[in-house]
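So the chains spell out like this:
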Amino acid sequence: MSRRLLVIPLIAALGACARSSGETTSSLPAQPVGGQAVTAVSSGEIAAPAIVVLPEGAGAVTAVREQSYSNGAAQQITLAVEGRNLGENRVDVSVQTGPPQTVNGVPIWKPSESGVKSEILNRMRGVQMSIVNRDFTNAYGPFGLAIGRMGDNARCVFAWQYIADVKVKASRASSNPALIRVRLCQTNTTVDELASYVQNMRIVVHDSFGAARVAATTDVRGGATRVAGGGELDSL
């Protein structure tokens with residue numbers, strides 16, 4: 001029996017979508033506060049390795065901006081995009097590697113419904129977005145998904161995920177929560193394909209994440225390749 005998917009317009013859907021996954025949702029600041037960000041593209045090399053790795057079809061990494069905090073670090077990972085009219089494809093991730101702090105700490109929290117609504121409207125300007133009211137999961141747990149169409153042949157997704165513990169080896173904390181946002185728009189593709197990039201993402205945390213780089217890395221719970229929905233998302 002085929003499973004019917006419910007797609008709800010953005011304004012009405014955010015509360016229901018957040019509750020369906022068992023997580024509340026909120027926004028990750030586009031620009032971190034405090035400390036010195038590292039912008040890294042030089043002769044095709046990324047000075048700060050991206051800690052979130054999407055499948056090849058999502059686009060090559062063109063820049064990594066890393067912000068260090070006293071108890072963690074955050075990255076903005078920019079991906080290559082076809083054409084200038086699709087906006088910036090980007091992954092935003094924050095990871096806590098030290099005890100929680102109320103002042104100048106890494107921006108990690110279980111997000112709120114209003115925060116996700118505000119972030120989608122801000123990050124997906126000019127795109128009519130709708131929440132898919134269905135549970136999505138990857139190797140790190142549940143994530144939320146909004147889908148939309150830009151023009152005649154471009155499709156978009158916006159995904160958000162709170163992870164309770166990504167288990168950083170060099171951590172000074174008992175757990176290492178992470179907050180991830182993924183914004184992707186591509187032409188001549190389907191939203192099922194775009195969603196599958198989030199389902200198959202990997203988190204690869206360098207042991208010195210947020211400080212001096214070393215070669216050792218922690219590849220956290222990478223999973224087998226999965227396809228989002230066999231075309232059922234793109235038919236909505």
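Residues numbered from 1 in each chain as written. Predicted model: local features only at pLDDT ≥ 70, side-chain atom pairs only at ≥ 80, totals over all residues. Heavy atoms only, no water.

(A) Focus on the nonpolar core. Grouped together as the largest cluster of nonpolar side chains are 37 residues, with contacts concentrated most on Val52, Leu54, Ile180 and Leu184. The set of elements that each furnish at least two residues to this core consists of strand E5 (72-79), strand E6 (89-96), strand E9 (141-150), strand E10 (154-163), strand E11 (178-187), helix H3 (191-199) and strand E12 (202-206). At five residues, the largest contribution of residues to this core is made by H3. When near neighbours in sequence (up to four residues on either side) are disregarded, isoleucine 180 contacts Val52, Val91, Asp92, Val93, Ala159, Trp160, Gln161, Ile163, Met201 and Ile203. In this structure, Val127, Ile131, Met150 and Ala154 belong to the second largest nonpolar core, which totals 14 residues. (Core = buried A, V, L, I, M, F, W, Y, C linked by side-chain atoms within 4.5 Å. Buried < 20%, exposed > 50% of the residue type's maximum accessible area, 1.4 Å probe, protein only. Helix = DSSP H or I, 4+ residues; strand = E, 2+ residues; numbered from the N terminus. Contact = heavy atoms within 4.5 Å.)

(B) Structural detail: the side chain of glutamine 75. Positionally, glutamine 75 belongs in strand E5. Judged by its relative accessible area of 2%, glutamine 75 is buried. In this structure the side chain of glutamine 75 is engaged in a polar contact, spanning 3.0 Å, whose partner is the backbone oxygen of proline 49. (Polar contact = N/O pair within 3.5 Å; in protein donor to acceptor, adjacent residues only side chain to side chain.)

(C) Quick peek at the pattern of salt bridges. With the rule as written, the count across this model stands at six salt bridges. One salt bridge connects arginine 123 with glutamate 119, and the closest N-O pair in it is separated by 3.8 Å. A residue pair is termed a helical-turn pair when its members lie 3 or 4 positions apart in one helix, as arginine 123 and glutamate 119 do in helix H2 (residues 113-123) at four residues. Each member of the pair arginine 123 and glutamate 119 is classed as buried. Here lysine 167 and aspartate 165 are joined by a salt bridge, their closest N and O atoms 3.5 Å apart. By relative accessible area, which is 19% here, aspartate 165 ends up buried. Look at the salt bridges and you will find they share partners, linking Glu88, Arg90, Asp92, Glu119, Arg123 and Arg181 into a network. (Salt bridge = Lys/Arg side-chain N within 4 Å of Asp/Glu carboxyl O.)

(D) View of H2. Those residues of H2 lying buried are Gly115, Val116, Glu119, Ile120 and Arg123. Here the buried residues of H2 occupy an arc of 125° about the axis, which is enough to place them on one side. (Arc of directions from axis to C-beta.)

(E) Here's a closer look at the confidence of the model for the chain. For the chain, the mean per-residue pLDDT works out to 76, and 68% of the residues sit at or above 70. Within the model, the stretch residues 11-45 combines pLDDT values under 50 with 91 contacts to residues more than four positions away or in other chains. Segment residues 212-217: pLDDT under 50, and 16 contacts once partners within four positions in sequence are set aside and those in other chains are kept. (pLDDT = per-residue confidence, 0-100.)

(F) Geometry of H3. The element H3 is largely enclosed, with a buried count of eight among its nine residues. For H3, every residue scored as buried is listed here: Val191, Asp192, Leu194, Ala195, Ser196, Tyr197, Val198 and Gln199. In the core, the buried residues of H3 are packed alongside strand E8 (136-138), E9, E10 and E11.

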